[in-house]
Amino acid sequence: MPDPYSHEYNEQHYRSLFTYNPDPVFTLNPAGEFVQINQAGCDLIEAEEGEILGKHYEMLVVEEDRERTRRHFEAALAGNHQRYEIRIRNMQGEILQLDILNIPIIVNGQVTGVHGQARDRTRERRTEARLRILERSVEASSSGVTIADAGVPGFPLIYVNPAFERMTGYRADDMIGSNCSILQGPDTSQAAIASIRSGLAAMREVHTALLNYRKDGSSFWNDLYIAPVRNGADEVTHFIGIQTDISDRVRQEEVLTYQASHDSLTGLPNRIYLESHLQGICRHAQARKLAPHALFIDLDGFKPINDSLGHAFGDEILSQTARRIEAALPADSTLVRFGGDEFVALVSAPEERQTINRIAELILEQFSRPFLNEDVEITLSAAIGIATGNGALDNSMLLVQQSDMAMYEAKKLGGNTWQWFNQTLDRRVQHEVALRQQLQQALATNQFELFYQPLFNNELAIIGVEALIRWNHPDRGYISPAEYIPLAERTGQILPISEWVMQEAFARAAELADMGVPAISINLSPLQFHRHNLVERLARLNVHYQLAPGQLCVEITENVFLNDPKDVIRQLREIRDLGIEVAIDDFGTGFSSLSYMRDMPVNKIKIDRTFVNGITSNTRDAAITRGTLSMARELEMSVVAEGVETEEQFRLLQQYGCTGYQGFWYSRALPLADLRTFSGALVTTAPENQCWHQSQKNRRALADCPVFSVQATGFIPG
Ligand code: C2E
Ligand code: CA
Ligand code: CA
């Protein structure tokens, strides 16, 4: 054990303080050169002791701090200890922030040097600088920022920034120590409050938008974000809240939603509104023990008025209609403009029908007053379909769909009336929906075929065939066109179907001519005149298949003239110019205006089979048939009597001067192969009077054909 009073002991004692000091320690001579430096000092400067000793301290100090450092160094040399901060650049070029303590070394009353001790403050200074920036940003932020103490019940605020003060009107003094629930008020959503509470309790982040109230009582929409702040031990010590006033955005959204969900012409809510609110309306009705009813109101004959009197007047009628229907509805009803001239009224009423019937009556009465446009008076009516919600809320739009279906029924009755939706209607619609899909499938997979029914003359020779479509359904076998043609006309599927028929008929014309069938008739749908480039299509097929004039005949019904007759006539003229014949089908069953017989480019009449059917028993049917025949003669049109089922009918028609016939008595519609057999038999059996017997034989032969059985009522799948 060395002597504690010995020089050597003392020497080691103080050297330890120097050598093992964890902080950099050094001595400088009065010239400012390093005389000593410990290991911590070398580590800080990242240099070997040898590289440092003898060098002037200024080589480390950054330029800007040198002057100040010199003053401190001189003051230390003058005997006063100094504390100051400097920035140095170590050997790696890294800037370090140091706290320096300089103590003069005094030996025998003389300053012989300066002792230095440094403390590295670089990290602390960086953190402090960051905090200062953060603090300034928080102060300057345009969002409200609050900090709450998570360790105290009720999470009192310890800080609010100026933006928060501006946004809420509360001063920091008002807020510190209390919390933000002061901002809640009567219309603040309870759900939003609950989500904040549960988030805070679970120390989770919360993001919500809620209506808040300022100190002066006015409200604003607050987009609030709350995040927990954790310490090093991962404990939540604070909550930080960021609030943004989004009132402008919310107002804008409200305006946009309003515009998107309302019709600008009538100011009524529109279909989008209906779809998003219907469920709520139904639920509200049920909560009051009432049933939700939908009244689907469609104006009768609005389109032609709109087309002929101008859209300005049309608009006027629609907005007046909206006001009139509103006047007929109970106060708490909702009236929606569903589209075009369709309105939907939602009325909550007791289940029994009288109340709603009365309302429907009131709505129709609204139309007894004419609509006025300058000197023109227009009287309109409406068709109304009514459906009742059955309590199933998951598909509330079904209610509207059902009222729509019922409206169609009211239309079928001629309009100006109402109809209730019922289950039969539902089943029919279901059936149609299925059929419609199957038709689509049929088109895609080629399930259609063309059959040909011969047309014959007084000599019982074939003068042509009518192409009749057959659908060979994969499950149901052959289905009558009467079942799906009207549907296809409503859905528009008739267009691709007709396209197929035209293509097929043209393609078979040459083959038919070869077997002695000089002409082929096809049925056209009214839709083809209104939506299709019909003439162009016929012209192209005509050129491609090089048909002779008169080889093709198109059959149209009188109702093609219901819409835009001028245009239909123009198209028919062009069709005639192509060398294609035009026949009026089912003559006598349509709207039968004799004037069109004068102007129409039509050269053939097909007398409907209902007249032919009654010809032997009903004198009126006989009279109409005779009249039609003589008119056709006068107009130099050819005639075909349809639905000839007995020899008696044939003979009588012959007496009346008929020249063309079609019907089961002669032949049903046949597949092409059977038609070949049939016509072949006819051709090979001359003389003339044998042909009838031969065709009778064919009839028997064909009765074995599995496809059809002969039925007086028309086409029945066999
Ligand atoms: P339609 O144009 O009047 O065709 C004549 C209908 O009368 C055919 O019925 C035919 O089988 C039937 N018929 C012929 N002779 C007799 C008879 O002696 N007695 C009875 N009771 N009926 C007879 P089908 O084939 O069922 O066609 C029904 C309707 O479907 C056609 O009436 C036509 O309007 C439409 N249709 C058929 N094929 C097409 C087509 O390719 N395109 C379009 N657009 N409609 C078609
Ligand atoms: Ca026809
Ligand atoms: Ca017909």
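A few words on the overall build of the chain. Looking only at helices and strands, one finds 26 helices and 25 strands in the chain. In terms of C-alpha radius of gyration, the chain reaches 50 Å, well past the compact-globule figure of 27 Å for 718 residues. The buried share of the chain, reckoned over its 718 residues, is 45%. Expressed as a percentage of contacts within the chain between residues at least 6 apart in sequence, the contacts between residues at least 24 apart total 58%. For the chain, the exposed surface amounts to about 37200 Å²; the carbon and sulfur share of it is 51%. Of the charged side chains in the chain, 66 are positive and 93 negative, and the gap between their average positions amounts to 3 Å.

Here serine 521 shows up in strand 21 (residues 520-523). Excluding residues within four positions of it along the chain, serine 521 makes contact with Val465, Glu466, Ala467, Cys553, Glu555 and Lys604.

To continue, consider helix 8 (residues 190-201). For helix 8, spanning 12 residues, the distance from its first C-alpha to its last is 16 Å, which sits close to the expected 16 Å at 1.5 Å a residue. Taken as a whole, helix 8 has its buried residues at Ala192, Ile193, Ile196, Gly199 and Leu200. Down the axis of helix 8, the sector holding all buried residues measures 130°, keeping them to one side. Across helix 8 from its buried face, at more than 90 degrees, point the exposed residues Gln190, Ala191, Arg197 and Ala201.

Listed as protein donors to the calcium ion (ligand 2) are Glu466 (OE), Asn523 (OD1), Glu555 (OE) and Asp585 (OD); their distances from the metal cover 2.1 to 2.3 Å. Sequence spacing among the residues donating to the calcium ion (ligand 2) works out to E-x56-N-x31-E-x29-D. A spacing of 3.9 Å is found between the calcium ion (ligand 2) and the calcium ion (ligand 3), which share aspartate 585 as a donor. Placement of glutamate 466 in strand 19 (residues 462-473) and of glutamate 555 in strand 22 (residues 552-556) is noted, with a sequence separation of 89 residues between them. Glutamate 466 gets classed as buried once you look at its relative accessible area, which sits at 4%.

Around the calcium ion (ligand 3), the protein contributes the donor atoms Asp585 (OD), Asp586 (OD), Glu642 (OE) and Glu642 (OE), which lie 2.1 to 2.7 Å from the metal centre. Sequence positions of the donors to the calcium ion (ligand 3) reduce to the motif D-D-x55-E. Among the residues examined, aspartate 586 registers a relative accessible area of 24% and is labelled partly exposed.

A few words now on the sheet that holds strand 6 (residues 144-149). In any sheet, the strands associate via hydrogen bonds between backbone groups, in a parallel or an antiparallel arrangement. Reading across the sheet, the five strands line up as 7-6-10-9-8 and stay open at both edges, with antiparallel pairing between neighbours. Bordering the open sheet on either side are strand 7 (157-160) and strand 8 (206-213), each of which pairs with just one other strand. Within the sheet, the average angular offset between the axes of one strand and its neighbour, ignoring direction, is 25°. Sheet analysis places strand 6 next to strand 7, joined by three bridges and oriented antiparallel. Considered in strand 7, the bridge of threonine 146 is made with valine 160. Against the sheet, helix 8 touches strand 8, strand 9 (219-230) and strand 10 (236-245), its axis set at about 135° to strand 8.

This part is about the sheet that holds strand 17 (residues 417-420). Here we have five strands laid out as an open sheet, ordered 12-13-11-16-17, and mixed in their pairing. Every interior strand has two partners, whereas the edge strands, strand 12 (334-339) and strand 17, have only one. Across the sheet, the mean angle from the axis of one strand to that of its neighbour is 25°, orientation sign disregarded. Looking at chain direction, strand 11 (residues 291-300) and strand 13 (residues 342-349) are connected through eight bridges and run antiparallel. Its bridge partner being in strand 13, aspartate 298 is matched across the sheet by glutamate 342. The strands that helix 13 (residues 354-365) touches are strand 11, strand 13, strand 16 (381-388) and strand 17; relative to strand 17, the one it contacts most, it runs at about 150°.

Within the fold, leucine 101 resides in strand 4 (residues 95-107). Between the alpha carbons of leucine 101 and methionine 167 there is a distance of 49 Å; along the sequence they are 66 residues apart.

Right, let's get into the domain arrangement of the chain. For the chain, the domain assignment lists domain 1 (7-123), domain 2 (141-251), domain 3 (263-421) and domain 4 (433-704). Computed over C-alpha atoms only, the centres of domain 2 and domain 3 are separated by 48 Å.

Along the chain, aspartate 300 turns up in strand 11. Owing to a relative accessible area of 13%, aspartate 300 belongs among the buried residues under this scheme. Among the polar contacts made by the side chain of aspartate 300, one reaches the side chain of lysine 411 at a distance of 2.8 Å. In contact with aspartate 300, not counting residues within four places along its chain, are Leu380, Ser381, Ala382, Ala383, Lys411, Gly415 and Asn416.

With that out of the way, let us pick up the environment of alanine 78. Looking at where alanine 78 falls in the secondary structure, it is placed in the loop between helix 4 (63-77) and strand 3 (82-89). Residue classification places alanine 78 among the exposed positions, given a relative accessible area of 59%. Sequence separation of alanine 78 and glutamine 110 is 32 residues, and the distance between their C-alpha atoms is 9.9 Å.

One pass over the structure, following the stated rule, counts 40 salt bridges. For arginine 87, the salt bridge goes to aspartate 65, with nearest N and O atoms at 3.3 Å. Residue arginine 87 is located in strand 3, and its partner aspartate 65 is located in helix 4; the two are separated by 22 residues in the primary sequence. In this structure arginine 87 comes out as partly exposed when scored by relative accessible area, which is 31%. The closest approach of N and O atoms between glutamate 326 and arginine 323, which form a salt bridge, is 2.9 Å. Of this pair, glutamate 326 and arginine 323 are both found in helix 12 (residues 311-328), three residues apart, which corresponds to roughly one turn of the helix. For glutamate 326, a relative accessible area of 35% corresponds to the partly exposed category. A single network of salt bridges, built from pairs that share partners, joins Glu85, Asp99, Arg121, Glu124, Arg125 and Glu128.

A few words now on the nonpolar core. The tendency in soluble globular proteins is for nonpolar side chains to be buried as a group. In terms of nonpolar packing, the biggest core is built from 82 residues, with Phe561 and Ile575 touching the most fellow members. Per element, the largest residue contribution to this core is 10 residues, and it comes from helix 17 (residues 494-514). Filtering out sequence-adjacent residues up to four positions away, isoleucine 575 remains in contact with Phe529, Leu534, Val535, Leu538, Val554, Ile580 and Val582. Within the second largest apolar cluster, 31 residues are counted, among which are Ile305, Phe343, Ala349 and Ile386.

Attention shifts here to the confidence of the model for the chain. With 94% of its residues at a pLDDT of 70 or more, the chain has an overall mean of 89. A low-confidence stretch, residues 685-695 (pLDDT under 50), is modelled with 13 contacts involving residues beyond four sequence positions or located in other chains. Note on residues 697-718: pLDDT under 50 across the span, and 43 contacts to partners over four residues away in sequence or across chains.

Moving on, we come to the pairing of strand 19. Burial analysis of strand 19 places 10 of its 12 residues in the buried class, which makes it a mostly covered element. Of the pairings in the sheet, the one linking strand 18 (residues 448-456) to strand 19 comprises nine bridges and is antiparallel in character. Bridge pairing in strand 19 links leucine 455 to glycine 464. The sheet contact formed by strand 19 and strand 21 spans two bridges and is parallel.

This model, assessed by the stated rule, comprises zero disulfides. Not part of a disulfide, cysteine 658 finds its nearest cysteine sulfur in cysteine 553, a span of 15 Å.

Thresholds, definitions, all that
Residues numbered from 1 in each chain as written. Chains lettered and ligands numbered in written order. Predicted model: local features only at pLDDT ≥ 70, side-chain atom pairs only at ≥ 80, totals over all residues. Heavy atoms only, no water. Helix = DSSP H or I, 4+ residues; strand = E, 2+ residues; numbered from the N terminus. Rg over C-alpha atoms; globule rule 2.2 N^0.38 Å. Buried < 20%, exposed > 50% of the residue type's maximum accessible area, 1.4 Å probe, protein only. Contact = heavy atoms within 4.5 Å. Areas by Shrake-Rupley, 256 points an atom, 1.4 Å probe, with all protein chains shown as cover. Lys, Arg positive; Asp, Glu negative; His and termini not counted. Charge placed at Lys NZ, Arg CZ, Asp CG, Glu CD. Expected span 1.5 Å × (residues − 1). Arc of directions from axis to C-beta. Donors = N, O, S within 2.8 Å, 3.2 Å for Na, K, Ca; no water. Pairing = 2+ DSSP bridges. Axes fitted to C-alpha atoms, helices over the stretch in contact; angles between N-to-C directions. Domains from an automatic or database assignment. Polar contact = N/O pair within 3.5 Å; in protein donor to acceptor, adjacent residues only side chain to side chain. Salt bridge = Lys/Arg side-chain N within 4 Å of Asp/Glu carboxyl O. Core = buried A, V, L, I, M, F, W, Y, C linked by side-chain atoms within 4.5 Å. pLDDT = per-residue confidence, 0-100. Disulfide = S-S within 2.5 Å.

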